[in-house]
Amino acid sequence: MINFQLRALAAAVSLAPAQMALAGETEPAQAALPMSEIVVKGQILDRANTAFSASSFDADTLREQKISQPEQIFDQVPGMSIRDYGLGGVANSFTIRGFGDGGHGGDLGVVIDGVPLNEAMSHADGYVDLNVIVPLEVSDMTVFKGPVSSLYGNYNRGGLVKIDTRKGGQYTNLDLSGGSDGLVDVQGALGLEPGENQELNLALQHYQSDGYRPQSDGRRDTLSGRWGVGLGERTRVALSGRWHDADNDSASYLTEADYRRNPYGINANVQNDGAEKTFATLRGDVSHQLSPSLQLLGFLYGTEQDFTRWFTRPVGGGQWRQREEAYDREVSGAGLSLSGQHTPVGVPLLWIAGLETYREATDYLYSDGLDHRRPVAPPINDRRTELDSVSAFGELRADWHPLLQPSLGLRYDRFDGDCAPLGPETGDNPCSELNDLDNVSPKLGLRSRWASGLEFRASWSEGFALPPGWVKYQPEASNLDPLTFGQLEAGINWAPSETFELDLALFQVDSDGEVRTLDTGVYENYGETERRGLELSVAWQPVPQVSLSAIYGSTDTEVVKNADPNLEGKEVGGVSDYSATVQAGWLFLPEWRVNLIWRAVGGYALNADNSAYADSYDVMDIELDWRLRPGWNLYARVDNLADEEYAPTRFMFGGENLFATGAPRQVRLGVQISL
């Protein structure tokens, strides 16, 4: 019963260090690396204890949360919050480590089975859409805090979401749910062994909703699959693919007057906004066991994507205009990595080294002033961009002593590319050969076990970002270096018993080299920003039938140096002061469980001079589970139980204070089946 309750407790809160083995319990250094599946880049180190803060969720935990989108689990990550834009088919933003533009921008990296999902030039550098992933296909999802991983480079300055899909195994899972506003969510996952030494994994999702505002219905369909086969005892190959199609309408944002009058209405100026997307990938992998302690991995990868969005917004003077942005992407990549575990001079070592390259080409079309999706003027931009990268990386961890377990990581990235018009343009954004850029990012960490159930960790790491937007495609900006981000972190994990655990992390992230414009076409690296805060997780099971958990994150940001001296000392806009989630679960009958979830998010500055500020908000959810029989779980869930009116996203746009309304009370009924 204790183990069952602790698993339920883990579903309520992610405590990354809880995933760690104790210092004396690491795997034997000469044990054979696993060949039952092709491990993705870095998995050999992920199994080991690390010196960096991270929140991990396995397949059972994700399923117990009954999520329709992978991003919904971020509410269970200390210090993270979701800024829901309410724009169907458009990625939301996520706050992490004092950065407020993950997802919709480039502050958060996302990789699936080791391959980046971020988009170089789609709407913003590093835009990423998690809707292409079926929650039920995920085997593990880990959120790393800050630029700590040397295995991944660009876009992970605030953190990295590492998603591994299910590989191998025999299972049949089906999750069905329906609810308010025409919600229908169908997810399925299947694991088979179709032949000797073969494995087949399939997953699908159909999601649709009429939305809780006018003109906000949407649909998305996703199918993914992977087939793997062993070629003898030492080699495995796999072929995997993914297809996603989405079509959504959008009601855009509300002005403050609109919101006060009817938070679930629509502004009269909004046209037929929405988004359409198709996304397809194909990938091949090979794994070869060179020796019992040495493994070689390789992959080839390709993506094709069409994404178009239409968006009506205020442009000043009481005027609204609809714009169109279209992105036709082609991505190809390849990589090799070598991983091993050895015991020279009696010291267990885990290590990985690798090379990878990606080429991303995007045909970009941007038009403004449309008449219900019909262009009435030549495009502002009609161009093709290319971003090519070559990277080398390595990580090493040594378990010298329970008090001294250091780790070292190093990554090198080099970028080049090009931009060329595809037709006449009326805009003046630069478009020429990309200024070649390179960067070296070191990572240092230390774990120390002071006593049974008491561990300390500390780390220093660097990350980077390319110059923003079109600046990097301007010859006059060839003097610019990448922006750099340095993070210093210390944390402690205390687990005195199987029923209690506490984790605390303190961090500071300093950015340097932010770009400022000196004159037309003249730029320099100048700006500096400081981000600091704490993240806390607590989980307690006072009796076998009751589980309690809480996560909390607090962040303070400050502009240290800026082209406008009046902004120095101000906080960074769009970053919540705090976020918290508290959960209580009660197994009141052997097959019946109730969970109560309270979520609070602090306010944030709406503009650079901090003259306007968004309000904080909090919501309460409740869920009832009934284990009908083994493998069958029925549930009822009510989100926003008190039917609070709130806006998870606010910002200044075209002289207006705009609101994205949060969902009113939502009721959902569902069944989860495992065969």
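This text follows the structure it describes.
Residues numbered from 1 in each chain as written. Predicted model: local features only at pLDDT ≥ 70, side-chain atom pairs only at ≥ 80, totals over all residues. Heavy atoms only, no water.

Student: It is not clear to me how the pairing of strand 30 (residues 632-639) should be interpreted in this structure. Could you clarify?
Tutor: Pairing between strand 29 (residues 617-629) and strand 30: seven bridges, direction antiparallel. Bridge pairing links R629 to W632 in strand 30. If you look at the hairpin formed by strand 29 and strand 30, you'll find two residues sitting between the two strands, and G631 has a positive phi there, around 85°. Here strand 30 pairs with strand 33 (residues 666-674) via eight bridges, running antiparallel. For D639, the partnering residue across the bridge sits in strand 33 and is Q666. (Pairing = 2+ DSSP bridges. Helix = DSSP H or I, 4+ residues; strand = E, 2+ residues; numbered from the N terminus.)

Student: Mind showing me how you'd approach a negative patch on the surface here?
Tutor: A cluster of acidic residues, D181, D210, D217 and D247, forms a negative patch at the surface. Note that D181 resides in the loop between strand 9 (171-179) and strand 10 (183-192). (Patch = residues over 30% accessible without salt bridge, like charges linked within 9 Å, V, L, I, M, F, W, Y side chains within 5 Å. Areas by Shrake-Rupley, 256 points an atom, 1.4 Å probe, with all protein chains shown as cover. Salt bridge = Lys/Arg side-chain N within 4 Å of Asp/Glu carboxyl O. Lys, Arg positive; Asp, Glu negative; His and termini not counted. Charge placed at Lys NZ, Arg CZ, Asp CG, Glu CD.)

Student: When you look at the environment of R283 in this model, what are you seeing that I'm missing?
Tutor: Within the secondary structure, R283 is located in strand 15 (residues 273-291). Note: C-alpha distance between R283 and V560 (277 residues apart in sequence) is 44 Å. In contact with R283, not counting residues within four places along its chain, are I112, D113, V115, A238, L239, S240, F299, L300 and Y301. Of note is the side chain of R283, whose polar atom sits 2.7 Å from the backbone oxygen of D113. (Contact = heavy atoms within 4.5 Å. Polar contact = N/O pair within 3.5 Å; in protein donor to acceptor, adjacent residues only side chain to side chain.)

Student: So what exactly am I meant to see when it comes to a nonpolar patch on the surface here?
Tutor: On the surface, a cluster of nonpolar side chains totalling about 450 Å² of accessible area is made up of L396, L408, L444, W460 and L488. Along the chain, the position of L444 falls in strand 21 (residues 437-451). Look at L444 and you get partly exposed, because its relative accessible area is 40%. (Buried < 20%, exposed > 50% of the residue type's maximum accessible area, 1.4 Å probe, protein only.)

Student: Got a minute to help me understand unusual backbone geometry in this structure?
Tutor: If a residue is not glycine, its phi is most likely negative; likewise, a peptide bond is most likely trans. Although it is not a glycine, D113 sits at a positive phi angle of roughly 50°. As for its position among the elements, D113 is in the loop between strand 5 (108-112) and strand 6 (115-116). The backbone of N610 shows a phi angle near 60°, a positive value even though the residue is not glycine. In this structure, N610 sits in the loop between strand 28 (592-601) and strand 29. What makes N610 partly exposed here is its relative accessible area of 21%.

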